[in-house]
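# Examining the three-dimensional arrangement
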Amino acid sequence: MASIHRSASAHWQGSGKEGTGSLTTQSGVLKDSQYGFKTRFENGPGTNPEELIAAAHAGCFTMALAFQLSGAGHEPQALDTSAKVSLEQEGAGWKIAAVALTLKAKVPGLSQEEFRKLADAAKAGCPVSKVLNASITLDATLDS
């Protein structure tokens, strides 16, 4: 069975609230990208783990849907997905409680029923959906 490995690293200095960190990805797309308390729990400059999970989920789901559509004989003209990650306090800590995917699709000749079936299959089959222990919803719109 094939296995693909991707990696990223985090560096942190200081306490949880006052400290600062950086994130670097194997591809180099992120290199020493700033993150910290203010980027995670406020709206400071930099990135945060939840934003990266949202990007990963939006990208994974959208590609999975492109494969679903192509496999069913429908080539999409456009698939645009946003993912909203909900980080909620749980006791003394935090958890990712939900991810809301919002999709706008343009796929000529596709019925609403088949569109929904394929979009739901992509949501369930996307590797990022499978790894998240959160409620994942999908609001999907097909433009004719």
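An account of the accompanying structure is given in this report. (Residues numbered from 1 in each chain as written. Predicted model: local features only at pLDDT ≥ 70, side-chain atom pairs only at ≥ 80, totals over all residues. Heavy atoms only, no water.)

## Side note on the side chain of His 74
Counted only if it meets this: Per the convention used, a helix needs a DSSP run of H or I reaching at least four residues, while a strand needs a run of E reaching at least two, with both numbered from the N terminus. Only protein chains enter the accessibility calculation, which uses a 1.4 Å probe; a residue whose area is less than 20% of its type maximum is buried, one above 50% is exposed, and one in between is partly exposed. We call two N or O atoms a polar contact when they sit within 3.5 Å, provided that within protein one can donate a hydrogen and the other can accept it, with sequence-adjacent residues counted only if both atoms are side-chain atoms. A contact between two residues is defined here by any heavy atoms of the two lying within 4.5 Å.
Assignment of secondary structure puts His 74 in the loop between α2 (49-71) and β4 (78-90). By relative accessible area, His 74 is classed as buried at 14%. Within the structure, His 74 has its side chain in polar contact with the side chain of Glu 114 (distance 3.3 Å). If sequence neighbours within four positions are ignored, His 74 has contacts with Leu 69, Val 107, Pro 108, Gly 109, Leu 110 and Glu 114.

## So, the sheet that holds strand β5 (residues 93-106)
Which entries qualify depends on this criterion: Two strands make a pair as long as DSSP finds a minimum of two bridges between them. Lines fitted to C-alpha atoms define the axes, with helix axes restricted to the stretch in contact, and inter-axis angles between N-to-C directions lie between 0 and 180 degrees.
Read from one edge to the other, the open sheet built from three strands follows the order β4-β5-β6, with strand pairing classed as mixed. Where the open sheet ends on each side, the last strands, each with one partner, are β4 and β6 (135-143). Across the sheet, the axes of successive neighbouring strands diverge by a mean angle of 15°, strand direction being ignored. In the sheet, β4 pairs with β5 via 13 bridges, with the strands oriented antiparallel.

## Let's talk about the pairing of strand β1 (residues 8-13)
Of all six residues making up β1, only zero are buried, and the element is barely covered by its neighbours. By the bridge criterion, six bridges tie β1 to strand β2 (residues 20-25) in an arrangement that is antiparallel. Residue pairing in the sheet places Gln 13 in a bridge with Thr 20 of β2. Between β1 and β2, which pair antiparallel in sequence order, lie six residues; one of them, Gly 14, sits at a positive phi of approximately 95°.

## Digging into the pattern of salt bridges
For clarity, the threshold we go by: Salt bridges, as used here, are contacts in which a Lys or Arg side-chain nitrogen is within 4 Å of a carboxyl oxygen on Asp or Glu.
Within the structure shown, the criterion is met by three salt bridges. As a salt-bridge pair, Arg 40 and Glu 50 come within 2.5 Å of each other at their nearest N and O atoms. Pair noted here: Arg 40 is in helix α1 (residues 37-41) and Glu 50 is in helix α2, with a separation of 10 residues, a long-range link. The exposure class assigned to Arg 40 is partly exposed, which follows from its relative accessible area of 34%. As a salt-bridge pair, Lys 95 and Glu 90 come within 3.6 Å of each other at their nearest N and O atoms.

## What to know about the state of the cysteines
Here, disulfide denotes a covalent bond that connects the sulfur atoms of two cysteines. This is how it is decided: A pair of sulfur atoms, both from cysteines and within 2.5 Å, is called a disulfide here.
With the rule as written, the count across this model stands at one disulfide. A sulfur-sulfur separation of 2.4 Å characterises the disulfide bridge that pairs Cys 60 with Cys 126. Where Cys 60 bonds to Cys 126 through sulfur, the torsion about that S-S bond is close to 140°, and the disulfide is right-handed. With Cys 60 in helix α2 and Cys 126 in the loop between α3 (112-125) and α4 (127-131), this residue pair connects regions lying 66 residues apart in the sequence.

## Description of the packing of aromatic side chains
The condition that has to hold: For Phe, Tyr and Trp, rings pair up if their centres lie within 6.5 Å, where Trp contributes its six-membered ring, and each pair is then called stacked (planes under 30 degrees apart), edge-to-face (over 60) or tilted (otherwise).
Here the structure, examined in full by the defined rule, presents three aromatic pairs. Pairwise contacts between aromatic rings join Phe 37, Phe 41 and Trp 94 into one cluster.

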